[in-house]
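# Working through the structure, step by step
What follows is each chain in one-letter form.
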Amino acid sequence: MAAANNCFALGEKSYVTQVAAAGDMVLVNASSAATLYVDVADHAGVQRAVVNLQKDLEGITGKKPVITNDVQSLKGQAVIVGTIGKSKLIDQLIAAHKIDVSGIVNQWDAYQLVTVQNPLPDVAQALVIIGANKRGGVYGVYDLSEQIGVSPWYWWADVPLKKKSSIAIQKNTLVQEIPKIKYRGIFLNDEAPALTNWVVKNYGNYNQQFYGKVFELLLRLKANYLWPAMWNNAFNVDDEQNRFLADEVGIIMGTSHHEPMMRAHKEWTAENGKWDYQSNKARLYPFWEGGVARNKSQESLITIGMRGDGDEPMSESENISLLENIVKDQRQIISKVHDKPATEVPQVWALYKEVQAYYEKGMRVPDDVTLLWCDDNWGNIRRLPKPEERKRAGGAGVYYHFDYVGGPRSYRWINTNSIAKVWEQMDLAYHFDARQIWIVNVGDLKPMEYPIEFFLRMAWNPEQWPKERIPEFGKLWAEREFGAEHAEEIAALMTGYSRHNYRRKPELQDPTTYSQLHYDEADRVTAEIRDLRSRAEALYAKMPADYRDAFFQLVLHPVKASAIVTEMYDMVGKNHLYARQGRAYANDYADKARALFEADADLQRQYDTELSHGKWQHFMDQTHIGYIHWDQPAANTMPLLYDLQPHNGADMGVAVEDIEPAWPQNAASVWPHQGNYQLARFDPFGKQQRTITVFNKGTKAYKFTARVSAPWIILSDTSGQVTSSQDIKVSIDWGKLPKGKAEGTIDIKGTGWGGASIKVAALNVAPLPQDYKGFVESDGNVTIEAEHYSQAKNAGQFSWQKIPEHGRHLSSMAVFPRNDRHFTDLSQAPYLEYTTYLHSTGDVSIDTIFAPTLPFSEGPGLRFAIAIDDEKPQVFNIVKDMSLKAWEDSVRNEMRKISSKHHIAKAGVHRIRIYGIDAGVTLQRIVVNTGGLFASYLGPQESMKR
């Protein structure tokens, strides 16, 4: 583990080696370490970064390099760090043509690393790290730190430094990096109880000691922008040194979407009066003026505009002209305080929630102000710039969410974000020119390490992370943190648990989420997440001791915590179902649920006390079990459980797969208690075993017998003694079944009157054509994953392409490139074609499943067309229903479903075409319902393909 070689920056070519070749620059070897040089006149943040590089090298190699500000003392091997225009040595090397910085000069946040032979008379070789501005050199230094084996999360997740005895920089190294997004940052929000409790315990308050750790993390992740914690805190007041430290290290400070003019909401007190500009301008104007004046000398991005008090909507009586006057006065303040035109001071207007509606109704701000478009708090961007808006000098950005307090359900416990979803939405932002600001609400910060890194890596250079590299990111990340040996398995665990939580957030899960009756769904989902848990636990046991804390935080805890919650709700669901059916062992599942509820608490205690000697106590304080409305419960609350009192004797019950009521159906019914019990129809291409469970409703064992009415019905057991329960597996002997449809019965006798009679139906269809290739109807449906098309038609440069790992199932398909093109003529539109073999005829319906994307661009919405065979394509707008209920359903379920009706005249081969009309339509799967589709959360598993 400690000897892993490939610990370099994610997705970038390594320029570091442990075995120096001829011409390589030796950074550290057994006898020496290169001297680190930085000019005393350079930015303080650059000087801090060099000190951290010294610590990083010492931690990795055991040798502490010398830092010097004296050019004359440089000899042999050196690392020269400096900013253009701030470092005399860098400027001299440029003037002497020792280095060429034309690729980064005057470029925002750009940096360059280059190896130079004989840059100075006594220096044989040097690695020169050049920054184009106050942050560029810092990023270059931390780029080197990461390449030599220091994770950006070395402190925040206790990732060990990768020990080495020697380090060399490859000859001819040249790295030039310029970010594609100007402002890249995070928002610490919804930070109580977890983050706040941790901060108070360790720092007393949100002071410079705390923020110093945050700033360093951001810089190591190549971020530059922060909205600070604001629920019960004020960045500039809690510690007056906070803003000076931020500016010193190079972090640009802002305030959140509802805190204008560099003022924290908590700075506005009752003594100031009402938060109403129309009635209280006399107090608000100087309040805002003081905020801008206080931060005048620090690098800031000023939020303008106004929302209601405490992040509430403005009152309905507020009018656009008043809001425009507010912005006019704010700009007047900015110009006056900065003694220059407001156009020269960076500003942002966050179009959050109802503020976007003001914009849509005609409100405008000056052209130099950045429009910060927002998502719906669930990761779906509401709006992106129209073509004419892309010409604005201030450009546009996106405010995104990994965490949220609000409806339909608050979610802020652990990571529920799929990086594929992040990619899909932010790629749209990039291609629709929202490139000025990318900021993400990360909640407490710590549980979101994985998606934070992906978001910020993508923000630095979206083009470096095309969709094809989404799976690679997890492997590279795991390799950097834990070495190459288990990188693929760790990546699979990260993808697996985050997709599981993406499908249905833990806060939204309940005993009914996954079906106990259909498609083995609850059992299958629980088995999947249990498997991830067991694999994570097995890897944890293999981790070297010094890696276990990091592995626990980044991998094991989120996997195990997710598994415990899902399995607990599964056990509760089984307790409910079995109690309703009268199974005597229903209480066993109540006991299992209680044990899992305690396991959740035990896991939190482990996080608090055992992990890194209690370093992270309180980070799991967020409640997450027992929601009854949109907001969090006061404490984790065990779901309601049934306490069943079994009979004091032997009493037979019979449960039939896919049917909730068990035989006998209810106490009021009279003999023969037959009810309507029937197994789902069998066919040669579908499920080949179905289950009947004979169970005990009492405390004493009994015997049962089972008989079939036809020889083609096969039972795994025809008799037995039941203490608790016994499953009878039912299958079909297709050789004995006549062609066409046949029906029979299974009669089960035991205790009580009569016995249970279960109908069995089977359809023995003709064999498929030998040359058929495609999906086959089975169990009353055809279910197809989007990427499994049989053929595709492109439209010039436009084509359907796969987004790996995206969506609730396998992957998704979307039309690329993503731009303003709309296809009005379907004959010119790109399509996907799916080949199916249908045995059923007559009317069928097709459920087409899409990502819950919102209509973010100019045009009629998000349209697609669907057709079977040669019928006229039906055109649908995925977002036609923009009601609150439709939106809430889409974000709860992480998908939108469109149902279409079709007629099948004859059995045989049929083709389904899906046409892409508008950008952003992201297809996940197709489900053809021929009459046998059951209700479930995820739907059937994919049908058989020939």
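## What to know about the overall build of the protein chain
- Helix and strand content of the protein chain: 18 helices and 37 strands.
- Against the globule reference of 30 Å for 946 residues, the protein chain gives a C-alpha radius of gyration of 32 Å, in line with a compact fold.
- Principal-axis analysis of the C-alpha atoms gives the protein chain an extent of 100 × 70 × 60 Å.
- If you take every contact in the protein chain between residues at least 6 apart in sequence, the share linking residues at least 24 apart comes to 76%.
- When the accessible surface of the protein chain is totalled, it reaches about 35,100 Å², and 49% of it is carbon and sulfur.

## A word on the pattern of salt bridges
- Scanning the model with the defined rule gives 61 salt bridges in all.
- The partner of glutamate 468 in a salt bridge is lysine 467, and the shortest N-O contact between them spans 3.1 Å.
- When its relative accessible area of 51% is taken as the criterion, glutamate 468 is described as exposed.
- The shortest N-O distance in the salt bridge between arginine 911 and aspartate 870 comes to 2.6 Å. A residue pair is termed long-range when its members are at least 10 positions apart, and arginine 911 in strand β36 (residues 908-916) and aspartate 870 in the loop between β33 (863-868) and β34 (874-877) qualify at 41 residues.
- Judged by its relative accessible area of 25%, arginine 911 is partly exposed.

## Digging into the sheet that holds strand β19 (residues 690-696)
- The strand order β18-β19-β23-β21 describes an open sheet built from 4 strands, whose pairing is antiparallel. Sheet topology places β18 (652-656) and β21 (713-715) at the edges, where each strand pairs with a single neighbour. Across the sheet, the axes of successive neighbouring strands diverge by a mean angle of 25°, strand direction being ignored.
- Inspection of the sheet shows β21 paired to strand β23 (residues 725-732) by 3 bridges, in the antiparallel sense. When the bridges of β23 are listed, leucine 715 appears paired with valine 730.

## A word on the packing of aromatic side chains
- For the structure shown, the criterion picks out 59 aromatic pairs.
- Residues tryptophan 198 and phenylalanine 619 carry aromatic rings whose centres are separated by 5.1 Å and whose planes lie at 45° to one another, so their mutual orientation is tilted. With a gap of 421 residues between them, tryptophan 198 in helix α4 (residues 194-203) and phenylalanine 619 in the loop between α17 (586-609) and β18 connect regions that are remote in the sequence. Of the two residues, tryptophan 198 and phenylalanine 619, neither departs from the other in class, the shared state being buried.

## Notes on the side chain of aspartate 143
- Take aspartate 143: it is sitting in helix α3 (residues 136-148).
- Aside from chain neighbours lying at most four places away, what touches aspartate 143 is Glu12, Tyr15, Tyr111, Leu113 and Lys222.

## Here's the deal with the packing of helix α16 (residues 548-581) against α17
- At a closest axis distance of 8 Å, the pairing of α16 and α17 adopts a crossing angle of 160°. Classified by the angle their axes make, α16 and α17 are roughly antiparallel. In this structure, α16 crosses over α17, and the sense of that crossing is left-handed.
- Across the contact of α16 with α17, the residue classes break down as 18 nonpolar, 5 polar and 5 charged.

## Things to note about the sheet that holds strand β3 (residues 35-38)
- A sheet is described by the order of its strands in space; here 6 strands give the open sequence β4-β3-β5-β7-β6-β9, paired in mixed fashion. Whereas interior strands pair on both sides, the edge strands pair on one side only; in this sheet they are β4 (67-68) and β9 (174-177).

## What about the confidence of the model for the protein chain?
- Taken over all residues, the pLDDT of the protein chain has a mean of 95, while the share at 70 or more is 98%.
- Every residue in residues 1-7 scores below 50 in pLDDT, and together they form 21 contacts with partners more than four places removed in sequence or on other chains.
- Confidence drops under a pLDDT of 50 for residues 667-673, and excluding neighbours within four residues, the segment shows 6 contacts in the predicted structure.

## Quick notes on helix α12 (residues 449-460)
- With 12 residues, α12 should cover 16 Å at 1.5 Å per step; its first-to-last C-alpha distance of 17 Å lies within 8% of that length.
- Counting buried positions over the 12 residues of α12 gives 12, a clear majority of the element.
- Buried within α12 are the following residues: Glu449, Tyr450, Pro451, Ile452, Glu453, Phe454, Phe455, Leu456, Arg457, Met458, Ala459 and Trp460.

## Describing unusual backbone geometry
- Note the cis peptide between glycine 407 and proline 408, where omega equals 0°.
- Secondary-structure assignment places proline 408 in the loop between β16 (396-401) and α11 (419-431).
- The omega torsion across phenylalanine 816 and proline 817 is -5°, close enough to zero to call that bond cis.
- The topology assignment puts proline 817 in the loop between β30 (811-816) and β31 (831-838).

## Section: the pairing of strand β7 (residues 123-131)
- Where burial is concerned, most of β7 is hidden: 8 out of the 9 residues are buried.
- Here strand β5 (residues 76-83) pairs with β7 via 8 bridges, running parallel. Residue pairing across strands places valine 81 opposite isoleucine 129, the latter belonging to β7.
- Note that strand β6 (residues 111-120) and β7 share 8 bridges and pair antiparallel. Each residue of the ladder has a partner; that of glutamine 112, found in β7, is isoleucine 130.

## Quick notes on the environment of valine 101
- Looking at the element boundaries, valine 101 is found in the loop between α2 (88-95) and β6.
- For valine 101, a relative accessible area of 7% corresponds to the buried category.
- Separated by 184 residues in the primary sequence, valine 101 and tyrosine 285 place their C-alpha atoms 45 Å from one another.
- With near-sequence residues (within four places) excluded, valine 101 lies in contact with Ile84, Ile94, Gln112 and Ile130.

## Side note on the environment of tryptophan 227
- Locating tryptophan 227 in the fold gives a position in strand β11 (residues 225-227).
- Between the C-alpha atom of tryptophan 227 and that of isoleucine 333, which follows or precedes it by 106 residues, the distance is 21 Å.
- Here the side chain of tryptophan 227 touches threonine 255 through a polar contact of 3.3 Å, landing on its backbone oxygen.

## What about the packing of helix α13 (residues 470-482) against α16?
- The N-to-C vectors of α13 and α16 enclose an angle of 160°; their axes lie 11 Å apart at closest approach. The angle between the axes of α13 and α16 places the two elements in the roughly antiparallel class. The chirality of how α13 crosses α16 is right-handed. Here Trp477, Glu481 and Phe482 of α13 come into contact with α16, specifically with Ala550, Phe551, Leu554 and Val555.
- Classifying every residue of the contact of α13 with α16 by side-chain character gives 6 nonpolar, no polar and 1 charged.

## What to know about the nonpolar core
- In this structure, Leu27, Leu144 and Trp156 are the most contacted members of the largest nonpolar core, which totals 221 residues.
- At 18 residues, the largest contribution of residues to this core is made by α16.
- Once residues within four sequence positions are removed from consideration, leucine 144 is found in contact with Tyr15, Val16, Leu27, Leu53, Leu113, Leu127, Ile129 and Ile169.
- Among the nonpolar cores identified, the runner-up in size contains 29 residues, and Val654, Trp663, Ala706 and Val730 belong to it.

## Digging into helix α15 (residues 521-542)
- Between its first and last C-alpha atoms α15 spans 32 Å; for 22 residues at 1.5 Å apiece the expected length is 32 Å, and the two agree.
- Buried within α15 we find Glu521, Ala522, Arg524, Val525, Thr526, Ile529, Leu532, Ala536 and Leu539.
- Those residues of α15 that are buried lie in contact with α14 (487-503) and α16.

Reading guide: rules and limits
- Residues numbered from 1 in each chain as written.
- Predicted model: local features only at pLDDT ≥ 70, side-chain atom pairs only at ≥ 80, totals over all residues.
- Heavy atoms only, no water.
- Helix = DSSP H or I, 4+ residues; strand = E, 2+ residues; numbered from the N terminus.
- Rg over C-alpha atoms; globule rule 2.2 N^0.38 Å.
- Contact = heavy atoms within 4.5 Å.
- Areas by Shrake-Rupley, 256 points an atom, 1.4 Å probe, with all protein chains shown as cover.
- Salt bridge = Lys/Arg side-chain N within 4 Å of Asp/Glu carboxyl O.
- Buried < 20%, exposed > 50% of the residue type's maximum accessible area, 1.4 Å probe, protein only.
- Pairing = 2+ DSSP bridges.
- Axes fitted to C-alpha atoms, helices over the stretch in contact; angles between N-to-C directions.
- Phe/Tyr/Trp six-rings, centres within 6.5 Å; stacked < 30°, edge-to-face > 60°.
- Parallel < 35°, antiparallel > 145°, perpendicular 65-115°, else oblique.
- Left-handed = near helix turned anticlockwise from the far one by under 90°.
- Nonpolar A, V, L, I, M, F, W, Y, C, P; charged D, E, K, R; others polar.
- pLDDT = per-residue confidence, 0-100.
- Expected span 1.5 Å × (residues − 1).
- Polar contact = N/O pair within 3.5 Å; in protein donor to acceptor, adjacent residues only side chain to side chain.
- Core = buried A, V, L, I, M, F, W, Y, C linked by side-chain atoms within 4.5 Å.

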